[in-house]
Each structure stands twice: as structure tokens, then as C-alpha cells.
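# Coordinate analysis (summary)
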Amino acid sequence: MESTLTARDKVGVQDFVLLDAYTSESAFLDNLRKRFSENLIYTYIGTLLVSVNPYQELGIYTMSQMELYQGVNFFELPPHVYAIADNAYRMMCSELTNHFILISGESGAGKTEASKKILQYFAVTCPMTESLQIARDRLLLSNPVLEAFGNAKTLRNDNSSRFGKYMDIQFDYKGIPVGGHIISYLIEKSRVVYQNQGERNFHIFYQLLEGGEEELLAYLGLERDPQLYKYLSQGHCAKESSINDKNDWKTVSSAFSVIDFTEDDLENLFGILASVLHLGNVCFEENHQGCATIPDTHEIKWIAKLLGVHPSILLEALTHRKIEAKTEEVICPLTLELSVYARDAMAKAIYGRTFTWLVNKINSSLVNKDFTKKTVIGLLDIYGFEVFDKNGFEQFCINYCNEKLQQLLIERTLKAEQAEYEMEGIEWEPIQYFNNKIICDLVDERHKGIISILDEECIRPGPATDLSFLEKLEERVGQHAHFQTRKLAGPKGRKRIGWMEFRLSHYAGEVTYCTKGFLEKNNDLLYRHLKEVLCSSKNRILKDCFLVAELENRRRPPTVGTQFKNSLSSLLEILISKEPSYIRCIKPNERKEPSKFDDLLIRHQIKYLGLMEHLRVRRAGFAHRRKYEHFLQRYKSLCPDTWPHWHGPPAEGVERLIQYIGYTPEEYKLGRTKIFIRFPRTLFATEDAFEFSKHQLVARIQATYKACLERRVYVRKRHAGMCLFPKCNQSTCAAITLEAHWRGALARKLAKRRKWAVWTVRKFIKGFINRNKPLCPDNEEFIVFVRKNYILNLRYHVPKNVLDKSWLRPPGILENASDLLRKMCTRNLVRKYCRGITAERKALMQQKVVTSELFRAKKEGYAEALNQPFANSRIDEGDINPKVLQLISSEKIQYGVPVIKYDRKGFRARERQFLLTQKAAYVVELAKIKQKIAYSALKGVSTSSLSDGILVIHVSPEDSKQKGDAVLQCEHIFEAITKLVMLVKRGNIVNVVQGSLRFYISPGKEGTIVFDTGPEEQIYKDKNGQLTVVSVRTTSS
Ligand SMILES: Nc1ncnc2c1ncn2[C@@H]1O[C@H](COP(=O)(O)OP(=O)(O)O)[C@@H](O)[C@H]1O
Ligand SMILES: [Mg+2]
């Protein structure tokens, strides 16, 4: 945006606020000239628009231009009257406030054109409904009608508005123009009867003559040539090349039908216009008594016909005057001069009042009959400041009006701006400006002002003249600084003021007024006699304008000056309640020439339009200000903290917002209730950001809304049992219904399960908490569950065999039960085990039991030997010598094992077989039985506590058959001894000794065996002749 700004700024600056030398009038003028030379006629001072009349068509009022400015930020595009219009319109729509656009400038500066452009802009760009198009057309077409009756060619302007106009355009809540209302001010009636050289009467007369159909003119008794009419020819320019009366007539005629004028209305209206022209041509002659007469009554007849009055009464009224003397009325003839006055007064009166009627008629067609609340934009196109060579009562009124409007401007901008900064606590330097209230007071102060003095002079008894009025002024306001007359001026100033003149120092400059005609114009007197005639008129319009009640009212009507003063003050009241926009129009030259820039003329206008002061104030201040609430409301979407709602005070919200969007401190100031933004560019940037975010928000809202609508339709269809898919058939519908029911059933089931689950979990937790309490409803189920669970679990953890000692750890409450179960289980296992073993294995087991009883914890190597199963025998019968078998054939060999036998004396080792029968044990060497030990003779068996395999079989020394104890070494010592013990059937024969043992060799002789441990197994005879047995210590011992 910055770049486009720069491009636009190429020709001077488009906003005077951006001017460096903003206090210099020359710099101001230069900028205006620079732009004007490039046909850039518009420049801003902040939000005020300065417009220079180009006097040529520039092609800047096209449809595309209108579209361009529609809804765009004020400062975003080059200055234009459309921007002002659009800005007022947007503000009105968004804040629902009333506005007015004050267009001022001197005659010919382009005010009326500007107001027309604005009206067209609204007509084209505002939303519109068909039914309201009529209202729009009426608003547009009221203009040519009003211009025809109220505008005239003057020296300064070919289409000069000779009345002030304030027009309200009413908009409904949607921003559609629905109606309007027009107030007119002070129509310049004197123009009806007199025009200066080079000027014309009101356009309508010429249009009627030029464009009216033959029959119409014939009906009105008129000729086409305007030169034939005195009221039209005094300015000597009835025909003007720049004005096309014929075309204008067509426009006006067609406009009449749109704004509700009936045939009857038009007939009466044209009748009045024609009678004015006829009146102008009424000539008077002086008879010998010095009284006026009308020699040719041709015109009188026409007037009488057109106005519906009696010709002779009219004739009498124009040449006589009724004077009321106490109870009777006296009719006196008029002098020629007074008759002319009476004639002109009648013409002015009927034209003036008809104009008022016309405005009322237009208003009634613009009125909007619906009484809902409307907002309005007012357009004020009012005469600009006028300074002519000769300035009369009209200029006095016009310039007074401009003083009042300047006052409004001061109130609303300069003064208000300063007051606002003060109120908001914003630091700034006060601007010196001239307050023209003093001049307004000079003119309109009650009992003291010029208008009051003039009124007094008008009603005062005795001979009052314009001169006596001037003297009164000198007497009453002579001391005023802004008032001057020839008499009051010093010798220097004297020359420039005439004897009949007074000079006022207006805010815009000095203007000298000639008092000639002041009294007459202020009085605006219409002789009673003429008034009576007009009151009796059959012309409907005149009937409305001249009411009989007026005749009966003996009170003097208010003077023109006072009426004007009052209407101005009510105008100001209207304006003060609205938000202002200003357009200041400047006329570039006096000759209506395009591209001519008259420095002097423009400098003067810059001065009296107060543009420099306005710029100074604007520059010292801020380009934009807004109430915190409004600012926040508009831009809150730009900051996440303030969107969608800010709940704190608006001022804080604004602060947060501007911090977020990055305003620098020099760009703004925060007042008490408003934010002040210094540069326009800051505002554009914010507006741009807002526009962008607005689109995003709209898209989001739209999406949500659409979704909402779709959902509603969907739900409705579903409730109505309708199919959601346009193309599906009945069976699909049925399937969808079934599906829906099935899903419902599933969902219900799931819900039930979940409910159950919740209930169960809750119960479980409660049970767990109360698990150690005695059985109660709270833990009952939990305990059942725990029990069941434990038992079920136990299934998988019961010991698999008798030796398996593992057991599933029980919960506290089940300890007793667990013990019982464990015992049962063990018993069961044992029983099962026992039942599973064979008789043979049982015998072996019994032997093991015997071994256990003999050696457990007594002899080393027992534990290791335990796992080795016992054999029935270690020697097969085939390995036993048959002789031996034969020798002991009476006894069955129960067990045999190879052994090593040690000599009792020399301890020599000999391999032998050790055989056991039921009766005796035998030591056998091959075919010989070396020793037979009958069990009856067996005294005992000894073995050591160590892991050696030595066993000594003790025999009884008394037994002579025995050779002595047998010292044997056997590899299966536990097995051999066990077998022996079981055969002997005496448990106590086994003796496990420690250290050594003694044995019987022969009667009276004993040997010793010493047991010891060492690194390796050894058996040897030691020095003492003892048998030493060394064994290795087993790990288990
Ligand atoms: N914006 C414009 N573009 C072209 N011509 C213009 C423009 N404004 C004014 N004029 C010309 O200047 C003439 C006088 O303008 P007008 O609006 O009647 O002046 P004012 O109402 O101030 O007396 C118009 O008739 C027209 O020819
Ligand atoms: Mg005008």
C-alpha cells in the first residue's frame, strides 16, 4: 500500500496534511496548482475535500469509478467526491448515525455539481429493491425540476442556484435510499423582475418558450421569442450557447410525471409562469392626474384568464391601493412608479410562493410512508460568499448565511477539535483562529444587530428610508470593529465607500453593501389589494399559496431578513445534530475557462474558506480518532486476546490490540475515551488488516452456518423417515432402517456391558478394600472370587511328584484351607507312588530303608550311594565255580559280590567272592570255600564312618570252626552289609566305628585297622603292623 501511496503522491501531495510547509499559503497554492495542471481537482485536508472546478468533463465520474470507491478505505484511493460520499454512507450504516455533507464555495465553484455527483453515487451504489426504485428516481429527478425553477444564468455561473438547498436523503436499516426531504432557502425573487446585463431570469421561463408545444404556448397566450418579454430580456442574453433550453425542457417535462405532477398541476403551474411573463409586459401610463393607467389590457386579460381572477379587479388592484381609514376602506389611485412596484411585487410574490409550493410538492412525492427508523445524509448546497461591484440586500443575506456556516465549521472542527484534545487529556499546542461570532452577532443579535435595526426601521411610523436606516446603523453599531460607513471612515477610507453604503469586514474579507432597496426588500410588501385578488384566484396552486386567513390576520408578517435569520438558525440546529463532512469548492477563474488557474482569485478563496486554519489544526492534531469501544469493536478480530470478546475495559483492550498489531508510540495517543491516530497511513494499514481478517472470519462463519443448515436438514429427514440419498430405492431405505436398528441394538448391548463392567470393577475394588474384614456383603463376592481364583490357579501348580515340595502361596484368608489341601495332595501323591511300585522294587526299597536305618548320617558316601539302585546280586551264578555251587547246593545263594580279602596277619589282599545264603556267608576263592560264617556264629559287622569300603565280619572266638574275623573290602559296601543284615535278620549287628577297630585274628590275638582320610585312597600295613585305610573325604560330608 505504501508504494501505491507514493505513486499517487507524485503530483504534489494528495492530503495537505502531508505538506511540509503546512503553514505557507504559497506552498498550499503551489500544491493545488500542480495537481490542477494534471487535472487532479481533488485534494484532502484530512477528511475535508478541496475541489477545484475544472470547467471541463474529466471522465472521473464513470460507473467504474463509482464501483472503485465503493466500500474502500477513505484514504486508500486518490481523493474524490465519491470517497466523501462513501465514507459518510459507511459511517452511517455501521454506526447508525446521521450525517451531512456541507458543500460550500462561491458561486460557480462547483457546489451544485458536487451535490449532484453525490446523489448519483448513492443512486448507483446503494443497494436497491425494485419497489424502492421509484423513490430513487424521484430523488434524482427532483433535481432538474428544482434547478429549472431555482437556477439561472449569472455572470459567474451559467447554472447558478438562486436559492439555498438542504436535502435529506433517508436510508432504511439496510442502507437503501427510501425517501428524502428538501428545505429551500431564500429564493432570489428579484430576478423574476430584473436581471443584470449578461444574466437571465430563471431557466424555466426560457425552457417553456423554447420547448413548450405550440398548443401549450397558444393556451398560455405566449410567443416563442423570449425577447418579447420584458422580464426575460433585460439582461440581453436570453439565448446562451452553453444552455440547451429545449433539451432541458424535455428533461423537466418527463421529470414532472415521475414526481407525481398531474395534468391539472402542470396546467396551473404553467399558467402562473405565463402570467408572470404577461405581467412583465403590462405597461402603465400616467394620466393627467398623475395616476397610473393601463392603456392596453391585452396582457391583463391573459393574466386574468390564467389565474382565474376577474380582469377589471386585477386592473384596479394594479393601479389602486386600498387604505383603511378607521371603519371604512378608501381606494386611492397609485402613481406610475407605485403601479410598477405593485406589478413587480405581484410577479415576485406569485413566483416566490409557487417555488415554495413546488418544493412542498416534491417533498410530498419523496416522503417515505413507512415509519421505521431512518438514518439520513443531508446535502447542503448553499450560495457561496458573494462580492459584487454593487452588493444589495441579497448579498447581505447570502454573506450572513456564510458567516453562520463558518461559525458552524468553527464550532464543529476548530473549536471542537481543540476542546476534544483538552477533554481527552492529549497534549497539543492550541491553534490561533479567528472566531467570526462577533460578525454574526453584529448581524443577528436581538434588538442590537443589523437585521433588528432594519426591521425596526421598516415598521417605524413616519418616513423611513434606506438612508435613515443607514443613519440608524451608524448610530447603533457604528462603534463595531467590523462595521464601517463613509461617515465613520477616516479621510483615507472615505473615497471607497459611497454615501448610501456600509461596509462589513466579513471573515472572508470586506464587502460594501448599498442600502438602496434594503427596506423594500426586507418588507417584501404586496399591497393588500393585490393580495385579495390573488386569494380569490381560481388557480389551484395560487389558492394554496395565498390563503384567505392571511388577509384576516392583521399582524404584520415577519420581514424577509427575520425569516431568513430564523430559517438559518433552524438549519444550524438540523446540522449540529449530525456528523459533518465538508467539501470546499474553489473557482479557478472568473471566465469559466478550463485549465486556467488564477492565483489571486484562488488565494482569496483559500483565505475565506478558512483552509489554512483548518490545515493547521489538522496538522497539529491527529488524522483519525475513535472511541475505544468503536475502535475495539471494529478491529478486535486482529488480536487473539481481544477476539471474539474482550471482557476488560475497552481502553485496555485497545492498548493490547495496538501493541499486538505493532503501533509505534509516535503513531498514536490514548485519550480518556478515544484513541488518536496521528498518520493516515497507520489507519490504512489497520483497515487493510481488518479487511483481510474479515474475509477469513466470514468464510468461517459461512462454513459453520452451512454445516448447521445441512445438519438440520439431515436430522429433519431422518425424523421424517426420509431417504437421505436422492437416488436410492425402497429396499435401500429398508436396509438403512434395519442397519440403524441393528446398530442401536449393538450400542445398547455395549452400553449394558460397560455398565456391568463398571459395576463389577467398583464391587471388586470395594471387596479388595474390605478383604480382611469378616465376611460381609461388601467383601462376600470378592472372597468367593479370590477363593475360586486360587483354587482354579492351584490346578496348574500342584506338585507333580512326592519329592516336589513347591506349593502356590495362598491368600491370607485361605491359609488353613491351603495347608489341608497341601497335605491331601502329598498324601495322594504318596499313595499314588506307592501303588505304582512293583514287588521287586518294593523289596529293593525295603532294603534301602534298612540301609538308611544302618548308615544314614553315620557313614560317609551314604548319600551318594542312595541313588544307586541295589542289584539282586553282583555275581551271576555262572560266574560261581560249580564246585562251590555243589558244596552249598543245599542252600540257595541269595546274593554274591566280589570282594578283596585282607590276610588277618600280613594284610595281603586277595580277590574273593562273597556269597550269602539264608544260613551263612561264604568267602570263596574259585572252587574253594575259604571261610563259612554261619549266621548263628556271626557276632557283628563293623565298618568305618569314612567312605572306605572295608567291612569286618566278626565271628565268635568261641567257635572253633572259625579262623577269625574276615577283613574284606567291598565296592558295594552298603548293598552287601544291607543284604547280610536282612539275611541275618538282626538289625543291631552292624557297628559303624570311628578312627579304628579291633578284630579277632586267633584266640588271644587281635589286629587293628586304622581309618584315616587323605588325598588319595590307600590301604597298607603300617609300621605298627596295623592295617591303615586312607579314604578321600566326600563332598557331602
Ligand atoms: N466536477 C466538475 N466537472 C466538470 N465541470 C464542473 C464540475 N463542477 C462544476 N463544473 C462546471 O462549473 C459550472 C458551475 O458549477 P456549479 O456546481 O453550478 O457551481 P455552484 O453551484 O458552486 O455555483 C457547472 O455548470 C459545470 O459546467
Ligand atoms: Mg449552485
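One structure accompanies this document, and this report is about it. For clarity, every value in this text was computed on a predicted model and none was experimentally measured.

Reading guide: rules and limits
- Residues numbered from 1 in each chain as written.
- Chains lettered and ligands numbered in written order.
- Predicted model: local features only at pLDDT ≥ 70, side-chain atom pairs only at ≥ 80, totals over all residues.
- Heavy atoms only, no water.
- Donors = N, O, S within 2.8 Å, 3.2 Å for Na, K, Ca; no water.
- Helix = DSSP H or I, 4+ residues; strand = E, 2+ residues; numbered from the N terminus.
- Buried < 20%, exposed > 50% of the residue type's maximum accessible area, 1.4 Å probe, protein only.
- Axes fitted to C-alpha atoms, helices over the stretch in contact; angles between N-to-C directions.
- Parallel < 35°, antiparallel > 145°, perpendicular 65-115°, else oblique.
- Left-handed = near helix turned anticlockwise from the far one by under 90°.
- Contact = heavy atoms within 4.5 Å.
- Phe/Tyr/Trp six-rings, centres within 6.5 Å; stacked < 30°, edge-to-face > 60°.
- Lys NZ or Arg CZ within 6 Å of the ring centre and 35° of its normal.
- Pairing = 2+ DSSP bridges.
- Core = buried A, V, L, I, M, F, W, Y, C linked by side-chain atoms within 4.5 Å.
- Patch = residues over 30% accessible without salt bridge, like charges linked within 9 Å, V, L, I, M, F, W, Y side chains within 5 Å.
- Areas by Shrake-Rupley, 256 points an atom, 1.4 Å probe, with all protein chains shown as cover.
- Salt bridge = Lys/Arg side-chain N within 4 Å of Asp/Glu carboxyl O.
- Near = heavy atom within 4 Å.
- Polar contact = N/O pair within 3.5 Å; in protein donor to acceptor, adjacent residues only side chain to side chain.
- Lys, Arg positive; Asp, Glu negative; His and termini not counted.
- Charge placed at Lys NZ, Arg CZ, Asp CG, Glu CD.

A separate point is the coordination of the magnesium ion (ligand 2). At the metal site, the magnesium ion (ligand 2) is ligated by T112 (OG1) and S161 (OG), and these contacts range over 1.9 to 2.1 Å. Residue T112 is found in helix α5 (residues 111–125), and its partner S161 is found in strand β5 (residues 160–161); the two are separated by 49 residues along the sequence. Residue T112 shares its accessibility class with S161, and that shared class is buried.

Direction vectors running N to C along helix α16 (residues 393–424) and helix α25 (residues 560–576) enclose 20 degrees, while the axes themselves pass 11 Å from each other. Relative to α25, the element α16 is oriented roughly parallel. Considering how the two elements wind past one another, α16 and α25 form a crossing that is right-handed. Taken together, the residues of α25 that come into contact with α16 (itself represented by F393, C397, Y400, C401, K404, L405, L408 and R412) are V560, G561, F564, K565, L568, L572, L575 and I576.

What follows concerns the packing of aromatic side chains. By the definition in use, this model includes 36 aromatic pairs. Geometrically, the ring pair formed by Y663 and Y668 is tilted, given 5.9 Å between the ring centres and 50 degrees between the ring planes. Assigned by exposure class, Y663 and Y668 land together as buried. Pairing Y862 with F974 gives two aromatic rings, centres 6.0 Å apart and planes at 75 degrees, and the pair type is edge-to-face. Of this pair, Y862 sits in helix α35 (residues 862–866) while F974 sits in helix α37 (residues 973–984), and the two are 112 residues apart along the sequence. Residue Y862 shares its accessibility class with F974, and that shared class is buried. Among the aromatic residues, those joined into a cluster by ring pairs are Y61, Y69, Y82, Y89, Y121, F122 and F171. Directly above the aromatic system of Y61 lies the positively charged group of K117, at a separation of 4.5 Å from the ring centroid. Over the ring of F261 we find K361; its NZ or CZ atom is 5.7 Å from the centre of that ring.

Turning next to the pairing of strand β7 (residues 177–185). In terms of strand pairing, strand β6 (residues 164–171) meets β7 through eight bridges, oriented antiparallel. Considered in β7, the bridge of G164 is made with Y185.

Quick look at the nonpolar core now. In this structure, L32, F122, F149, M346 and F502 are the most contacted members of the largest nonpolar core, which totals 198 residues. What F149 contacts, discounting residues up to four positions off in sequence, is I187, F202, I204, F256, L269, L273, Y351, F355 and L358. Counting 33 residues, the second largest nonpolar core, distinct from the first, contains V850, A865, V955 and V984.

Side chains of V761, F764, I765, F768, I769 and F785 sit close together on the surface and give an oily, nonpolar patch of about 580 Å² of accessible area. Among the elements that take part in the nonpolar patch, helix α31 (residues 730–769) stands out by supplying five residues, more than any other.

What follows is about the environment of V1010. Tracing the chain through its elements places V1010 in strand β29 (residues 1005–1013). With relative accessibility at 23%, the residue V1010 sits in the partly exposed group. A C-alpha to C-alpha distance of 6.1 Å links V1010 and L1027, two positions 17 residues apart in sequence. Excluding its chain neighbours within four sequence positions, the residues that come into contact with V1010 are G995, S996, Q1026, L1027, T1028 and V1029.

Time to look at the sheet that holds strand β13 (residues 483–485). If you trace the three strands from one edge of the open sheet to the other, you get β13-β14-β15, paired in antiparallel fashion. Both outer strands of the open sheet, β13 and β15 (509–514), are each paired with one neighbouring strand and no more. Across the sheet, the axes of successive neighbouring strands diverge by a mean angle of 25 degrees, strand direction being ignored. Relative to strand β14 (residues 501–506), β13 runs antiparallel, the two sharing three bridges. Bridging across to β14, T485 finds its partner in F502. Against the sheet, helix α19 (residues 466–477) contacts β13 and β14, and its axis sits at roughly 135 degrees relative to β13.

Taken together, seven strands build an open sheet; the order of strands is β1-β2-β16-β3-β12-β6-β7 and the sheet is mixed. The sheet is open, and its two borders are formed by β1 (42–45) and β7, each paired with just one other strand. Put simply, the sheet's adjacent strands are angled 20 degrees from each other on average, direction ignored. Here four bridges tie strand β2 (residues 48–52) to strand β16 (residues 579–586), and the two strands are oriented parallel to one another. Note on β16: the bridge partner recorded for V50 is R584. The sheet strands contacting α16 are β3 (99–104), β12 (375–381) and β16, and the helix crosses β16 at an angle near 130 degrees. In this fold α25 packs onto β3, β6, β7 and β12, with an angle of close to 150 degrees to the strand it touches most, β7.

Among the 15 residues in the neighbourhood of ligand 1, the closest are listed as N53, Y61, G108, T112 and E113. N53 places a side-chain nitrogen or oxygen 2.8 Å from an oxygen atom of ligand 1. Contacts to ligand 1 include N157, whose side-chain N or O atom sits 2.8 Å from an oxygen atom. Burial of ligand 1 by the surrounding chains reaches 86%, relative to a free accessible area of 550 Å².

We now examine a positive patch on the surface. Taken together, the side chains of K823, R827, R831 and R835 present a region of like positive charge at the surface. With respect to the element layout, R835 can be found in helix α33 (residues 815–836). Exposure remark for R835: the relative accessible area of 69% places this residue in the exposed category.

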